[in-house]
Amino acid sequence: MGVLETAARIVELGGAASPGRAARVADMRARFEARTGAFAPEDPWFEERSRAFWCDAITTQRFGAEVTEALTPEDATWLGPLERAHRGLFRTEGADGQVLLVDAWSGAELLVDTMDEASRAELDASAGQLFDARVVGSGDPWVVALLPGAVFHPLDATAAIPPVMAAARQRGLATGDALDALLRMHRTLRSLSRVKAAYAYRVEALSPHAAAVPVRRADKGPT
């Protein structure tokens with residue numbers, strides 16, 4: 001089994017019927033929502049955010065280490081690489097038929113050789129978009145894998161994001177804090193009607209306690 005199969009197995013274990021495990025999953029989700037914004041089943045973006053949550057759970061929140069007893073020895077070898085996954089704000093570039101991810105936050109360039117079909121389809125449809133994702137690397141066996149759970153920022157936000165990232169660097173924000181802020185902005189854009197990307201993706205919204213972006217109406221102005 002490879003890293004994608006191991007990640008899927010850990011997610012499956014997170015959904016298993018166990019009161020103690022259910023409480024832990026609820027805690028992890030609450031932590032994720034506190035950083036990136038709440039989501040509910042009725043939201044159009046629920047499935048996307050659910051995948052992003054589980055990606056966060058098995059990397060940043062290290063849920064795999066808590067279910068080690070249910071993993072195979074081969075699965076367990078992937079826990080370290082998963083916990084060291086590189087999170088970035090990526091764009092794609094052509095690389096002789098391969099997928100080259102360029103991290104707009106750190107400058108890293110990663111040539112990905114493993115991903116699931118859903119992720120490949122999303123990349124094919126995302127020309128010009130920046131996306132929040134995690135990449136896992138290993139030298140034994142050699143693999144550079146894009147984990148499921150990427151969140152694609154809308155194309156019309158691409159021009160608004162660099163000034164926000166520049167401000168985040170000036171403030172000394174860690175990678176997770178900066179990218180979590182962008183996810184909150186992404187949620188604002190999708191949840192409030194008639195809000196343009198420039199109003200959702202703004203330096204003021206870097207703070208986790210920033211007020212919601214006002215809904216702008218052509219006839220009455222901000223509400």
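Heads up: the structure comes first, above all this text.
Residues numbered from 1 in each chain as written. Predicted model: local features only at pLDDT ≥ 70, side-chain atom pairs only at ≥ 80, totals over all residues. Heavy atoms only, no water.

**Regarding the overall build of the protein chain**
Logical step 1: For the protein chain, the helix and strand inventory stands at 9 helices and 8 strands.
Logical step 2: Here the C-alpha atoms of the protein chain give a radius of gyration of 18 Å, agreeing with the 17 Å that 2.2 N^0.38 yields for 223 residues.
Logical step 3: Considered along the principal axes of its C-alpha atoms, the protein chain spans approximately 60 × 50 × 35 Å.
Logical step 4: Split into buried and exposed, the 223 residues of the protein chain put 46% on the buried side.
Logical step 5: Counted over contacts in the protein chain with a minimum sequence separation of 6, partners at least 24 positions apart contribute 60%.
Logical step 6: Counting 25 positive and 30 negative side-chain charges, the protein chain places the averaged centre of each group 10 Å from the other. (Helix = DSSP H or I, 4+ residues; strand = E, 2+ residues; numbered from the N terminus. Rg over C-alpha atoms; globule rule 2.2 N^0.38 Å. Buried < 20%, exposed > 50% of the residue type's maximum accessible area, 1.4 Å probe, protein only. Contact = heavy atoms within 4.5 Å. Lys, Arg positive; Asp, Glu negative; His and termini not counted. Charge placed at Lys NZ, Arg CZ, Asp CG, Glu CD.)

**Examining the side chain of Ser-119**
Logical step 1: Position of Ser-119 relative to the elements: it lies in helix H6 (residues 117–124).
Logical step 2: Ignoring anything within four residues of it in the chain, the contact list for Ser-119 reads Leu-146, Leu-147 and Pro-148.

**Focus: the pairing of strand E5 (residues 142–146)**
Logical step 1: In terms of residue burial, E5 counts as a mostly covered element, since 4 of its 5 residues are buried.
Logical step 2: Two elements, strand E4 (residues 131–139) and E5, share 5 bridges in a ladder whose sense is antiparallel. By the bridge assignment for E5, Val-136 is matched with Ala-145.
Logical step 3: Counting the residues that bridge the hairpin from E4 to E5 gives 2 residues. (Pairing = 2+ DSSP bridges.)

**Some points on the nonpolar core**
Logical step 1: Counting residues in hydrophobic clusters, the biggest one holds 30 residues, and the most contacted among them are Ile-10, Phe-53 and Phe-63.
Logical step 2: Filtering out sequence-adjacent residues up to four positions away, Ile-10 remains in contact with Ile-58, Phe-63, Gly-64, Val-67, Leu-71, Leu-79 and Leu-82. (Core = buried A, V, L, I, M, F, W, Y, C linked by side-chain atoms within 4.5 Å.)

**Comments concerning helix H1 (residues 3–14)**
Logical step 1: For H1, which comprises 12 residues, the first-to-last C-alpha distance of 17 Å matches the rise-based estimate of 16 Å (1.5 Å per residue) to within 8%.
Logical step 2: Those residues of H1 that fall on the buried side of the exposure criterion are Val-3, Leu-4, Thr-6, Ala-7, Ile-10, Leu-13 and Gly-14. (Expected span 1.5 Å × (residues − 1).)

**Re unusual backbone geometry**
Logical step 1: Note the cis peptide between Asp-140 and Pro-141, where omega equals 0°.
Logical step 2: The topology assignment puts Pro-141 in the loop between E4 and E5.

**Some thoughts on the environment of Leu-182**
Logical step 1: Positionally, Leu-182 belongs in helix H8 (residues 175–191).
Logical step 2: Judged by relative accessible area, which is 0%, Leu-182 ranks as buried.
Logical step 3: A C-alpha to C-alpha distance of 22 Å links Leu-182 and Asp-124, two positions 58 residues apart in sequence.
Logical step 4: Not counting residues within four places of it along the chain, the set of residues in contact with Leu-182 comprises Leu-89, His-153, Ile-161, Val-164, Met-165 and Tyr-201.

**What to know about the environment of Arg-62**
Logical step 1: The topology assignment puts Arg-62 in the loop between helix H3 (46–58) and helix H4 (73–76).
Logical step 2: Taking relative accessible area as the criterion, Arg-62 reaches 47% and is therefore assigned partly exposed.
Logical step 3: A C-alpha to C-alpha distance of 30 Å links Arg-62 and Pro-162, two positions 100 residues apart in sequence.
Logical step 4: Leaving out residues up to four positions away in the same chain, Arg-62 has contacts with Ala-57 and Glu-83.

**Details of the packing of aromatic side chains**
Logical step 1: In total, this model carries 7 aromatic pairs according to the counting rule given.
Logical step 2: With a centroid separation of 5.9 Å and 55° between ring planes, the pair formed by Phe-32 and Phe-53 is classed as tilted. Placement of the pair is Phe-32 in helix H2 (residues 19–36) and Phe-53 in helix H3, with a sequence separation of 21 residues. Like Phe-53, Phe-32 is buried.
Logical step 3: Joined through ring pairs, the aromatic side chains of Phe-32, Phe-39, Phe-46, Phe-53, Trp-54 and Phe-63 make up one cluster.
Logical step 4: Directly above the aromatic system of Phe-39 lies the positively charged group of Arg-29, at a separation of 4.1 Å from the ring centroid. (Phe/Tyr/Trp six-rings, centres within 6.5 Å; stacked < 30°, edge-to-face > 60°. Lys NZ or Arg CZ within 6 Å of the ring centre and 35° of its normal.)

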